[in-house]
Amino acid sequence: MSTSRFNITLPARVVVDPNGAARGDASLSVALLEDADRIPKVGELVFAVQPEDDEPDYISSAIVKEIDHAKGLIYLAVDWAGFHEAPQRRGFVVRQRRMQGSRIAWKQSYTIPTLESQFTSRNGNITSDRVLVA
Amino acid sequence: MTMNLETGELLIVRLWRWAPDRIKDDAEKEVRASRQASISVFGISKLPDEDLETAMRRLTTHVASIRNAKYAAFTTETKLAEAGFGIRENEPPRHHFDVLLENHNDEDEVRKLADIFDQFDRRKFPSCLPAVSI
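About the thresholds
- Residues numbered from 1 in each chain as written.
- Chains lettered and ligands numbered in written order.
- Predicted model: local features only at pLDDT ≥ 70, side-chain atom pairs only at ≥ 80, totals over all residues.
- pLDDT = per-residue confidence, 0-100.
- Contact = placed C-beta atoms within 7 Å.
- Helix = DSSP H or I, 4+ residues; strand = E, 2+ residues; numbered from the N terminus.
- Nonpolar A, V, L, I, M, F, W, Y, C, P; charged D, E, K, R; others polar.
- Buried ≥ 20, exposed ≤ 12 C-beta atoms within 10 Å, placed from the backbone.
- Expected span 1.5 Å × (residues − 1).

Asks: Which residues make up the confidence of the model for chain B, and what values go with them?
Replies: Taken over all residues, the pLDDT of chain B has a mean of 93, while the share at 70 or more is 97%. Complex prediction metrics read pTM 0.79 and ipTM 0.91.

So this is what it looks like as structure tokens:
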């Protein structure tokens, strides 16, 4: 069976506090650098996450406005109105059977339900513009 | 437990989450930003002839205009004061307060604060309808 290789960088996930606001600019929220699953870049679109233990996470998007590495803080513009329950992030392989003349051909695709939408790779080609390809 | 709220008394809401680990992390964020351990909440004073449920909905309606979460926990300034926690107004955003901690690395103090938000039923946000207990 042939395999397709592709690299995908999902947006960083940053845990946000819906109660807090940045001092000096209440339109921004502050998160600990440790609350991000990787260190994002300024200007990067990330997932703003309110994690749950027994339910789907509550998620939205945010833009990184500033990172204070000395203090270990991330300043974010969070889309508070955009929060919704996240689908699971587990990917799975989909195989579709097709007839090519008298032969059976398998078309294989890899699908990852993301936090906002779903994208699919067909033979290594990412088909959604929501995905950042490394 | 039934909540008593007198006219003029401050009704406090904290959006999910208020578990000790989250309180500690949110306080750590404030220590790094301002050197004062605190967590963020919102609050309004009960109006004359306003019942508790109406005051709750007035508060969550305001908070929902700027924030979003799945659940909310209510308490009062009196309950916080009885447990030894001071609060201070810290606007903007409007009706935003800080609950002050002496030492956010003190597990007993953090647990005591978390217990205050667990005293009353968890509510859905922003409807204030009772939510299933965790």
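Asks: Any details on the interface of chain B and chain A? Residues and values, ideally.
Replies: With 20 residues of chain B at the contact, the number on the chain A side is 18 residues. Put simply, the parts of the chain that give the side of chain B that touches chain A at least two residues each are strand E1 (10-15), helix H1 (20-34) and strand E2 (38-45) of chain B. Here the element with the most residues in the side of chain B that touches chain A is H1 of chain B; it accounts for seven residues. When the residues that make up the side of chain B that touches chain A are grouped by side-chain class, the tally is eight nonpolar, four polar and eight charged.

Asks: Before we move on, can you summarise unusual backbone geometry with the specific residues and values?
Replies: Residue and element names in this part refer to chain B. Cis peptide bonds are those with omega within 30 degrees of zero, and the linkage from Pro92 to Pro93 qualifies with 0 degrees. The topology assignment puts Pro93 in the loop between strand E4 (87-89) and strand E5 (96-100). Omega for the peptide link from Phe125 to Pro126 comes to 5 degrees, which places this bond in the cis form. Relative to the helices and strands, Pro126 resides in the segment after strand E6 (123-124). Of note, the phi angle at His95 is positive, near 65 degrees, even though the residue is not glycine. As for its placement among the helices and strands, His95 is situated in the loop between E4 and E5. By the C-beta count within 10 Å, which is 18 here, His95 ends up partly exposed. With a phi angle near 70 degrees, Cys128 is a residue other than glycine that sits in the positive phi range.

Asks: Please give an account of H1 of chain B that cites residues and values.
Replies: Compared with an ideal rise of 1.5 Å per residue, which puts 15 residues at 21 Å, H1 of chain B spans 21 Å between its outermost C-alpha atoms and is within 8% of the ideal. For H1 of chain B, every residue scored as buried is listed here: Arg22, Ile23, Lys24, Asp26, Ala27, Lys29 and Glu30 of chain B. In this structure, the buried residues of H1 of chain B make contact with strand E3 (29-32) and strand E6 (73-78) of chain A together with E2 and helix H4 (107-117) of chain B. Following H1 of chain B by one or two positions, Arg35 of chain B has its phi on the positive side, about 70 degrees.

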